[in-house]
Amino acid sequence: MTERKPSIGFIGLGIMGAPMARNLMAAGYELIVLDVVQAPMGALVAEGATAGRTPAQVAADTDVLVTMLPDSPQVEEVYLGSNGAYEALREGWLTIDMSSIAPGTARTLAERASAAGADALDAPVSGGDKGAIAGTLSVMVGGEEAAFERALPMLEVMGATIVHCGPAGAGQVVKVCNQVVVGVVIEAVSEALVLGAKAGVDPARIADVLQGGLAATKVLEMRRDNFLSGSFEPGFRIELHLKDLKNAFELARDTDVVLPAAAIVEQFMRAAVVNGRGDLDHSGLVTMLEDLAGARVSDATGR
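Everything quoted here is computed from the prediction, not taken from an experiment.

## Topic: the pattern of salt bridges
Here is step 1 of the chain: Tallied over the entire structure, the rule returns 13 salt bridges.
Here is step 2 of the chain: Two residues, Arg22 and Glu47, come together in a salt bridge whose shortest N-O distance is 2.8 Å. In this pair, Arg22 is assigned in helix H1 (residues 17-26) and Glu47 in the loop between helix H2 (38-46) and strand S3 (50-51), connecting sequence segments 25 residues apart.
Here is step 3 of the chain: A relative accessible area of 31% means that Arg22 is categorised as partly exposed.
Here is step 4 of the chain: The residue Arg277 makes a salt bridge to Asp291 at a minimum N-O spacing of 2.7 Å. Separated by 14 residues along the polypeptide, Arg277 in the loop between helix H12 (260-274) and helix H13 (286-293) and Asp291 in helix H13 bring together distant segments of the chain.
Here is step 5 of the chain: Judged by relative accessible area, which is 18%, Arg277 ranks as buried.
Here is step 6 of the chain: According to the relative accessible area criterion, Asp291 is partly exposed, its value standing at 34%.
Here is step 7 of the chain: Ionic contacts of the salt-bridge type, sharing partners, join the residues Arg277, Glu290, Asp291 and Arg296 into one network.

Written as structure tokens, this is what we have:
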């Protein structure tokens, strides 16, 4: 006899959340979905999901709640606010927050869930919109081992690399570490492409060489077209990466760690937001280097 799949509530249907929810539906899970924007809800309902009304109702009517939200304030509102999901806290219930938030917020949610006999995992992801669509995200999980094992079949639908990083908050710690690396690499790739382009070499040739040697990076593999075309339709917005770096610096202050390279990247990203570029994909950071050099990578591509 086939074991019944748990019903899932999914709140947060943005660039990442909508394809993640869609993959769960394709795997046979029944979903109740909710978002402040009606269009992605309507699309998923047309594909077989049920529309939710409030976080509390979605939580009460499902075995597992998955959330994919922009930042800690939105997560706190969905879980702890009026008609929040934690109004339906009960023994045996599981929530998996896949947002990128402050580790302290994740620990607070886990403590409140545990007090009611429920489980809360923090499970932020890396891989961008492409990874969300393909179901190949990297998922870093914090929380109890038993809860992780229970969540694993669902996480495996959305991700290809799933790592239990430790207790509550550990997933968010690893996520900020990941975002430090991604940000620094984006900035380094930007410097290299702008330098080579202004020196008269086709940036596509530079990218080919970089990817064939020690400088090969997933950033260039997944965002090559963005860098070379000058088109930065967001897979992950600069303003959200800046938020992740804020969380990284808060953690660094708490642990007395110095992040000098990340500090430079943070300044470039802050400047991009101030200059109206916060809604660009984070690879759009290259535009700040281009402005300083007076040259565009896309103008030199194919030359």
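## Quick word on the nonpolar core
Here is step 1 of the chain: With 56 residues, the main nonpolar core has Phe10, Met20, Leu31, Ile96, Met98 and Leu155 as its most contacted residues.
Here is step 2 of the chain: Ranked by the residues each element gives to this core, the list is headed by helix H7 (residues 145-158), at 7 residues.
Here is step 3 of the chain: Those residues in contact with Leu155 that sit more than four places away from it in its chain are Ile96, Met98, Val139, Val141, Phe148 and Ile162.

## Points about the packing of aromatic side chains
Here is step 1 of the chain: Under the counting rule described, the total for this entry stands at 2 aromatic pairs.
Here is step 2 of the chain: Considering the side-chain rings of Tyr79 and Tyr86, the 5.2 Å spacing of their centres and the 80° angle between planes classify their relative orientation as edge-to-face.
Here is step 3 of the chain: On the basis of relative accessibility, which here comes to 10%, the residue Tyr86 falls in the buried class.
Here is step 4 of the chain: Here the aromatic rings of Tyr86 and Trp93 are separated by 6.3 Å at their centres, their planes lie at 80°, and the arrangement is edge-to-face. We note that Tyr86, like Trp93, is buried.

## Considerations on the side chain of Lys175
Here is step 1 of the chain: With respect to the helices and strands, Lys175 occurs in helix H8 (residues 170-198).
Here is step 2 of the chain: Buried within the structure, Lys175 lacks any salt-bridge partner; its nearest side chain of opposite charge belongs to Asp244, at an N-O separation of 4.2 Å.
Here is step 3 of the chain: From its side chain, Lys175 meets the backbone oxygen of Val125 in a polar contact 2.8 Å long.
Here is step 4 of the chain: If sequence neighbours within four positions are ignored, Lys175 has contacts with Ser100, Pro124, Val125, Met140 and Asp244.

## A closer look at unusual backbone geometry
Here is step 1 of the chain: For Asn83, which is not a glycine, the phi torsion comes out positive at approximately 60°.
Here is step 2 of the chain: Locating Asn83 in the fold gives a position in the loop between helix H4 (72-80) and strand S5 (94-97).

## Some remarks on the packing of H8 against H13
Here is step 1 of the chain: Taken N-terminus to C-terminus, the directions of H8 and H13 make an angle of 35°; their axes are 9 Å apart at the nearest point. Considering the relative orientation of H8 and H13, their crossing is right-handed. Of the residues in H13, those touching H8 at Glu187, Ser190, Glu191, Val194 and Lys198 are Val286, Leu289, Glu290 and Ala293.
Here is step 2 of the chain: Per-class residue counts for the contact of H8 with H13 are 4 nonpolar, 1 polar and 4 charged.

## Comments concerning the packing of H8 against helix H11 (residues 238-255)
Here is step 1 of the chain: The contact between H8 and H11 brings their axes to 9 Å, and the two run at 120°. By the angle class used here, H8 and H11 are oblique. Read as a crossing pair, H8 and H11 show a hand that is left-handed. Packed against H8, whose contacting residues are Val173, Lys175, Val176, Gln179, Val180, Val182 and Gly183, the element H11 presents His241, Asp244, Leu245, Asn247, Ala248 and Leu251 at the interface.
Here is step 2 of the chain: Taken together, the residues of the contact of H8 with H11 sort by class into 7 nonpolar, 4 polar and 2 charged.

Procedures and definitions
In this convention, every chain numbers its residues from 1, walking through the sequence in written order. The predicted nature of this model means local features are confined to residues of pLDDT at least 70 and side-chain atom pairs, given and counted, to a pLDDT of 80 or more, with totals for whole chains, interfaces and linings taken over all residues. Heavy atoms from the whole structure form the basis of all side-chain values; hydrogens and water molecules are not counted. Salt bridges are defined as contacts in which a side-chain nitrogen from Lys or Arg sits within 4 Å of a carboxyl oxygen from Asp or Glu. By definition, any uninterrupted DSSP run of H or I lasting at least four residues is a helix, any uninterrupted run of E lasting at least two residues is a strand, and each is numbered from the N terminus. Only protein chains enter the accessibility calculation, which uses a 1.4 Å probe; a residue whose area is less than 20% of its type maximum is buried, one above 50% is exposed, and one in between is partly exposed. Residues belong to a common nonpolar core when they are buried Ala, Val, Leu, Ile, Met, Phe, Trp, Tyr or Cys residues joined through side-chain atoms within 4.5 Å. Residue contacts are counted whenever heavy atoms from the two residues lie within 4.5 Å of one another. Working definition: a ring pair exists when centres of Phe, Tyr or Trp rings (six-membered ring for Trp) sit within 6.5 Å. Plane angles under 30 degrees give stacked, over 60 give edge-to-face, the rest tilted. All tallies of charge rest on Lys and Arg as positive and Asp and Glu as negative; His and the ends of each chain are not included. Polar contact criterion, stated in full: a pair of N or O atoms within 3.5 Å, where within protein one must be able to donate a hydrogen and the other to accept it, and residues adjacent in sequence count only if both atoms are side-chain atoms. As a rule, the C-alpha atoms of each element are fitted with a line to give its axis, helices using only the stretch in contact, and angles between N-to-C directions run from 0 to 180 degrees. When the near helix sits turned anticlockwise from the far one by under a right angle, the crossing is termed left-handed; a clockwise turn instead gives a right-handed crossing. Under the scheme applied here, ten amino acids are nonpolar (Ala, Val, Leu, Ile, Met, Phe, Trp, Tyr, Cys and Pro), four are charged (Asp, Glu, Lys and Arg), and all others, including Gly, are polar. For classification purposes, angles smaller than 35 degrees are called roughly parallel, those larger than 145 roughly antiparallel, those between 65 and 115 roughly perpendicular, and all remaining angles oblique.

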